[in-house]
Amino acid sequence: MLTVRIRSTKYGQSWTEIVTLVGLAVAPPPWVVVCTAAGILVGRLLSRVSPLKIAFGVGKDIVLAAVGAGVVYAFHAAFTGDTPEFHVVALILAFLAMTVLDELLVHPVVALATRSPLRQQFRRYLDIRVGLAFARLAVSVVIVWLLSVNGDAQVLLVAPLLILTLHLWYSSRIRKRDERASWQRLASSAEALNDVDLRRVMEVAVEWTPDLFSADGAEVEVFDPPMRVRGSGGKIDAAGEGEWPSDAYVITTVLEDRQDKTPIGELRLRFRGPVQLNEMEIYKLRTFSSALNTAIHNASAYAELQRVAVVHAHDAAHDALTGLANRRQLLDQGQRMIAERHADGVIALLLLDLNHFKEVNDTLGHAAGDDVLRQVADRLKTAAHAGDLVSRLGGDEFAVLLTGLPAPAIAAHRAERLIAALREPIEVEGMRISIEASGGIATAASSGGIAELLRRADVAMYQAKRSGGRIATYSHARDTADIGRFAITGSMSSAVADGTLTVDFQPIVDLVSGEVRAAEALARWHHPDHGTVDPLRFLETVERSGLLPAFAEAVLDQALLACVSWREAGFDLPVAVNVAPRSLLDPRFPGSVMTRLRTHDLPPDRLILELTETLTISQLEVVDQVLGRLRDEGVRLALDDFGTGYSSLSVLSRIPVHELKIDSEFVTAMETSPEAGAVIRSTVDLGRSLDLAVVAEGVDSEPQRRALWELGCTAGQGQLFARPMTAARLLASLHRGSGGRPGTLAPALHDEGAVIRLTPHRRAVPRQRSERLPHLGG
């Protein structure tokens with residue numbers, strides 16, 4: 001008998017048709033029916049099956065034998081003497097009647113017991129069943145024919161051999177087909193598990209498991225975070241609140257962490273009765289559990305990336321003390337609103353500075369000063385309109401972005417209301433303190449961005465302080481800095497040609513060894529009349545004037561020339577250049593970069609192009625193509641000021657960068673702010689998980705260097721190691737080295753031979769945040 005398990009029940013395929021047909025040819029039909037019943041009863045009792053199955057099996061085979069006997073009687077082919085007679089038509093019709101009736105009796109019962117569709121049950125192994133039926137019929141006919149020809153009962157000795165051969169053939173076909181279909185389903189289930197949502201991974205596992213292992217139900221439980229999904233009969237209980245019957249038979253597989261092998265969850269298979277999995281099923285269960293374990297790990301890692309991204313975005317956009325928006329969020333959101341310039345009204349900016357706040361800190365201490373700042377923040381948020389953005393820029397300086405103004409003059413009235421909210425004394429440590437503030441108002445002009453708006457508000461605020469008033473509105477006539485900017489713009493076009501535009505370089509240093517790993521190009525402009533111009537000031541002028549392409553082209557050439565000079569001197573350092581958003585919209589940009597690399601005979605990996613999060617938010621396909629081609633050519637990509645924008649995770653998922661750069665604001669604040677330290681730690685962990693280099697900007701002291709190294713960061717830049725310098729001075733510094741070690745700019749953190757913590761080496765590029773190379777323009 002061939003046994004097949006469906007759910008927790010086993011079903012057998014016997015060969016009684018052959019025996020019955022041969023018996024009808026050599027014995028009277030009544031005796032055949034009686035002997036069939038007796039033989040089946042004894043066989044089922046010996047196989048120790050349930051009484052219900054014994055009753056069904058005996059009853060079914062008695063009916064089949066009776067039907068076969070009826071057909072034989074109908075064709076007058078019943079055994080009447082000592083010698084069997086060969087009635088082939090009667091034998092064939094009797095076999096067909098018995099086979100059809102067997103199909104009609106067995107499959108509805110199996111479908112009902114397993115709760116599977118009747119059509120599916122009939123179609124299961126249909127081709128194999130039909131082939132086997134013809135083989136059984138042929139064996140029966142041959143045996144009866146041999147008996148009728150020879151009349152020798154010894155011919156019956158051939159029957160077991162023929163039946164055994166059929167049994168082995170049928171069993172092999174069934175097993176091979178089951179194994180092939182089972183592995184195909186297993187491969188499909190592993191592919192279906194490839195999802196980044198943890199709950200969806202668990203639901204997919206519960207959907208596929210019952211069919212893979214012929215179980216009545218399945219359950220997946222994850223310990224951290226606590227989640228459970230259960231299902232049976234094609235229905236999913238996402239909450240996992242339903243209870244299984246107390247007598248259910250459950251097979252449990254523990255899901256383990258891939259590194260430390262600690263349990264992270266369990267996969268449970270439910271059966272209505274005891275089940276013994278065979279060797280193949282056990283191997284499949286292990287394979288599926290491994291795929292599920294990997295899927296859970298990947299989904300959990302993705303969820304952690306999302307959590308880190310949310311923390312980064314929040315910490316980067318908010319002031320830790322007051323919870324208000326910080327300078328970065330004000331600049332980003334203000335620039336976006338100014339760029340849109342929809343018909344919702346005028347945009348203005350109010351810049352507030354608390355007068356004599358230093359006296360509060362000096363008299364009552366910094367804790368009291370912090371309390372004052374928090375209360376000022378709360379009052380400003382309460383007084384501001386729903387669409388306004390209240391932010392703290394640092395120290396005692398606040399800004400409010402006023403939106404939806406019907407006219408520019410309304411800005412002054414809104415500003416008066418905000419400052420009036422600060423008139424009531426603030427109670428700190430039992431004392432009532434009066435707060436005074438000076439404010440400057442500027443409305444968004446037809447040209448210029450948020451940086452210009454902030455500068456104008458700052459000019460107005462100092463006008464208010466000088467005049468002794470509370471509020472002043474920006475006046476172009478009194479803005480001497482704005483007048484000077486036009487003079488600078490007029491000289492900018494000749495700066496590239498006459499050599500007044502130069503490039504300095506700031507090195508990045510291995511935090512452990514002090515070895516220089518790369519250098520970043522920083523533009524310098526020595527104006528003939530104004531002297532050295534602040535980079536932030538002339539870069540804004542360059543981008544506004546349309547001179548960006550030629551300007552950035554000259555800077556890139558100088559940077560590559562410096563890289564060649566270092567390389568020839570034995571210091572093979574990469575050089576980094578910033579990329580402007582406009583360059584990424586030009587499909588010709590990668591070709592231009594590669595042409596310059598070939599001109600200077602430099603390998604592509606000696607150039608690192610630094611991107612900012614704000615320039616990669618766009619979903620334009622051309623941006624992805626440009627960056628993809630650059631990376632394919634071997635140019636390295638770095639994501640600058642990581643975590644200070646709003647698209648960190650989406651950028652990492654779309655752009656194949658090689659390294660992340662921690663903003664100097666976090667490095668400066670990490671000694672006093674646990675939040676800043678947490679941001680740095682999470683960035684380092686993220687880089688380690690994605691195999692990316694992590695570089696810290698603004699490393700200005702040895703305690704910062706050591707603290708960053710202890711957090712796992714291996715590279716940094718800042719004034720601790722070197723200020724920006726010319727290419728020649730940097731080369732001289734590399735030759736001179738630190739402590740007689742060429743190529744280093746700082747002593748090693750540990751002596752040679754000391755036992756230290758090992759961290760993965762990363763090659764990266766530094767930059768001083770306040771001195772940024774102009775973007776490469778297309």
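Given the structure is predicted, the values throughout are model-derived calculations rather than measurements. (Residues numbered from 1 in each chain as written. Predicted model: local features only at pLDDT ≥ 70, side-chain atom pairs only at ≥ 80, totals over all residues. Heavy atoms only, no water.)

Across its full length, the protein carries 26 helices and 23 strands. Counting all 778 residues of the protein, 49% fall into the buried class. Considering only contacts within the protein whose residues lie at least 6 apart along the sequence, 70% involve residues at least 24 apart. Accessible surface for the protein amounts to roughly 36,700 Å². Of this, 56% is attributable to carbon and sulfur atoms. (Helix = DSSP H or I, 4+ residues; strand = E, 2+ residues; numbered from the N terminus. Buried < 20%, exposed > 50% of the residue type's maximum accessible area, 1.4 Å probe, protein only. Contact = heavy atoms within 4.5 Å. Areas by Shrake-Rupley, 256 points an atom, 1.4 Å probe, with all protein chains shown as cover.)

On to the sheet that holds strand S13 (residues 436-443), then. Read across the sheet, 5 strands follow the order S9-S10-S8-S13-S14 without closing on themselves; strand pairing throughout is mixed. The sheet is open, and its two borders are formed by strand S9 (389-394) and strand S14 (471-473), each paired with just one other strand. Sheet twist, expressed as the average angle between the axes of neighbouring strands with direction ignored, equals 20°. Strand direction decides the pairing type here: S9 and strand S10 (residues 397-405), joined by 5 bridges, are antiparallel. Considered in S10, the bridge of valine 390 is made with valine 400. Sheet contacts for helix H14 (residues 450-467): strand S8 (346-355), S9, S10, S13 and S14; angle to S13, the most-contacted strand, approximately 140°. (Pairing = 2+ DSSP bridges. Axes fitted to C-alpha atoms, helices over the stretch in contact; angles between N-to-C directions.)

Below, the discussion takes up the side chain of arginine 517. Its place among the elements puts arginine 517 in strand S16 (residues 516-527). The class for arginine 517 is buried, based on a relative accessible area of 17%. Within the local environment of arginine 517, its side chain forms a polar contact with the side chain of glutamate 515, the two groups lying 2.9 Å apart. (Polar contact = N/O pair within 3.5 Å; in protein donor to acceptor, adjacent residues only side chain to side chain.)

Enumeration over the complete set of coordinates arrives at 29 salt bridges. When the shortest N-O distance is used, the salt bridge between arginine 456 and glutamate 452 registers 2.9 Å. A residue pair is termed a helical-turn pair when its members lie 3 or 4 positions apart in one helix, as arginine 456 and glutamate 452 do in helix H14 at 4 residues. Owing to a relative accessible area of 15%, arginine 456 belongs among the buried residues under this scheme. (Salt bridge = Lys/Arg side-chain N within 4 Å of Asp/Glu carboxyl O.)

The 5 strands lie next to each other as S5-S4-S3-S7-S6, forming an open sheet whose pairing is antiparallel. One side of each edge strand has no neighbouring strand; the edge strands of this open sheet are strand S5 (235-237) and strand S6 (249-256). Mean inter-strand twist for the sheet, computed between neighbouring axes without regard to direction, equals 15°. Relative to strand S7 (residues 263-271), S6 runs antiparallel, the two sharing 8 bridges. Directly across from leucine 255, in S7, lies its bridge partner glycine 265. Along the sheet face, helix H8 (residues 198-213) touches strand S3 (217-222), strand S4 (227-232), S5 and S7 and points at about 35° away from the line of S4. Against the sheet, helix H9 (residues 279-317) contacts S3, S6 and S7, and its axis sits at roughly 50° relative to S6.

For the rest of this paragraph, the subject is the environment of valine 250. Relative to the helices and strands, valine 250 resides in strand S6. For valine 250, a relative accessible area of 34% puts it in the partly exposed group. Taking C-alpha positions, valine 250 is 4.6 Å from arginine 270, a pair spaced 20 residues apart along the chain.

Between its first and last C-alpha atoms helix H12 (residues 366-383) spans 26 Å; for 18 residues at 1.5 Å apiece the expected length is 26 Å, and the two agree. Taken residue by residue, H12 has Ala368, Gly369, Val372, Leu373, Val376, Ala377, Arg379 and Leu380 as its buried positions. (Expected span 1.5 Å × (residues − 1).)

Moving on, we come to the packing of helix H1 (residues 16-26) against helix H3 (residues 51-74). At a closest axis distance of 10 Å, the pairing of H1 and H3 adopts a crossing angle of 40°. Note on packing geometry: the crossing formed by H1 with H3 is right-handed. Side by side, H1 and H3 meet where Thr16, Thr20 and Leu24 of the first sit next to Asp61, Ala65, Gly68, Ala69 and Val72 of the second. In the contact of H1 with H3, the residues fall into 4 nonpolar, 3 polar and 1 charged. (Left-handed = near helix turned anticlockwise from the far one by under 90°. Nonpolar A, V, L, I, M, F, W, Y, C, P; charged D, E, K, R; others polar.)

Within the protein, residue pLDDT values average 78, and 78% of them lie at 70 or more. Across residues 1-11, where pLDDT falls below 50, the model places 50 contacts with residues more than four positions away in sequence or in other chains. Within the model, the stretch residues 614-620 combines pLDDT values under 50 with 14 contacts to residues more than four positions away or in other chains. (pLDDT = per-residue confidence, 0-100.)

Before going further, it helps to spend a moment on H3. Working note: α-helix, 3.6 residues per turn, so residues spaced by three or four point in the same direction. End to end, H3 covers 34 Å across 24 residues, agreeing with the expected 34 Å (1.5 Å per residue, within 8%). All buried positions along H3 are accounted for by Ile54, Gly57, Val58, Lys60, Asp61, Leu64, Ala65, Gly68, Ala69, Val71 and Val72. Just downstream of H3, histidine 76 is the residue with a positive phi angle, here 55°.

Leaving glycine aside, a negative phi is the common case for residues, and trans is the common case for peptide bonds. Omega for the peptide link from aspartate 224 to proline 225 comes to -5°, which places this bond in the cis form. The phi dihedral of aspartate 601 is positive, around 55°, even though this residue is not glycine. Tracing the backbone shows aspartate 601 in the loop between helix H20 (589-599) and strand S19 (607-612). Given a relative accessible area of 65%, aspartate 601 falls into the exposed group. Positive phi values are uncommon outside glycine, yet aspartate 691 reaches one of about 60°. Among the secondary structure elements, aspartate 691 is positioned in the loop between helix H24 (674-689) and strand S22 (693-696).

Time to look at the packing of aromatic side chains. To describe a pair of aromatic rings, you give the distance between the ring centres and the angle between the ring planes. Tallied over the entire structure, the rule returns 1 aromatic pair. With centroids separated by 5.0 Å and ring planes inclined at 80°, the aromatic side chains of phenylalanine 505 and tryptophan 566 adopt a geometry described as edge-to-face. One end of the pair, phenylalanine 505, is in strand S15 (residues 501-510); the other, tryptophan 566, is in helix H18 (residues 548-568), and 61 residues separate them in sequence. On the basis of relative accessibility, which here comes to 2%, the residue phenylalanine 505 falls in the buried class. (Phe/Tyr/Trp six-rings, centres within 6.5 Å; stacked < 30°, edge-to-face > 60°.)

A word on the pairing of S10. Among the 9 residues in S10, 8 count as buried, and that is most of the element. Strand direction decides the pairing type here: S8 and S10, joined by 7 bridges, are antiparallel. Pairing of leucine 352 across the sheet is with phenylalanine 398, part of S10.

What follows concerns the nonpolar core. In this structure, Phe505, Trp566, Leu607, Leu609, Val657, Ile680 and Leu708 are the most contacted members of the largest nonpolar core, which totals 75 residues. No other element matches the 10 residues that H18 contributes to this core. The residues touching tryptophan 566, leaving out its near neighbours within four places in the chain, are Phe505, Ala519, Phe571, Leu573, Ala727, Leu730 and Leu731. Membership of the second largest hydrophobic core comes to 30 residues, among which are Leu324, Val390, Leu402 and Leu405. (Core = buried A, V, L, I, M, F, W, Y, C linked by side-chain atoms within 4.5 Å.)

What follows is about the packing of helix H11 (residues 357-364) against H12. Contact pair H11 / H12: the axes reach a minimum separation of 6 Å and the direction vectors enclose 140°. Judged on the interaxial angle alone, H12 and H11 are oblique. Mapping the contact onto sequence places Phe357, Val360, Asn361 and Leu364 in H11 and His366, Ala368, Gly369, Val372 and Leu373 in H12. For the contact of H11 with H12, the residue count by class is 6 nonpolar, 3 polar and no charged. (Parallel < 35°, antiparallel > 145°, perpendicular 65-115°, else oblique.)

Here we take up a nonpolar patch on the surface. Together, Phe75, Val88, Val89, Leu93 and Leu96 give the surface a local cluster of nonpolar side chains, amounting to about 400 Å² of exposed area. Position of leucine 96 relative to the elements: it lies in helix H4 (residues 88-114). (Patch = residues over 30% accessible without salt bridge, like charges linked within 9 Å, V, L, I, M, F, W, Y side chains within 5 Å.)

The next thing to look at is the environment of serine 189. Within the element layout of this structure, serine 189 appears in helix H7 (residues 158-192). Expressed as a C-alpha distance, the spacing of serine 189 and tryptophan 208, which sit 19 residues apart in the sequence, is 6.3 Å. Ignoring any residue separated from it by four or fewer positions in sequence, one finds serine 189 in contact with Trp208, Leu212 and Phe288.

As for its placement among the helices and strands, glutamine 704 is situated in helix H25 (residues 702-710). Classification of glutamine 704 by relative accessible area gives buried; the value is 7%. In this structure the C-alpha to C-alpha distance between glutamine 704 and glutamate 671, which are 33 residues apart in sequence, comes to 7.7 Å. The contact partners of glutamine 704, leaving out residues within four places of it in the chain, are Val667, Thr668, Met670, Glu671, Gly698 and Val699.

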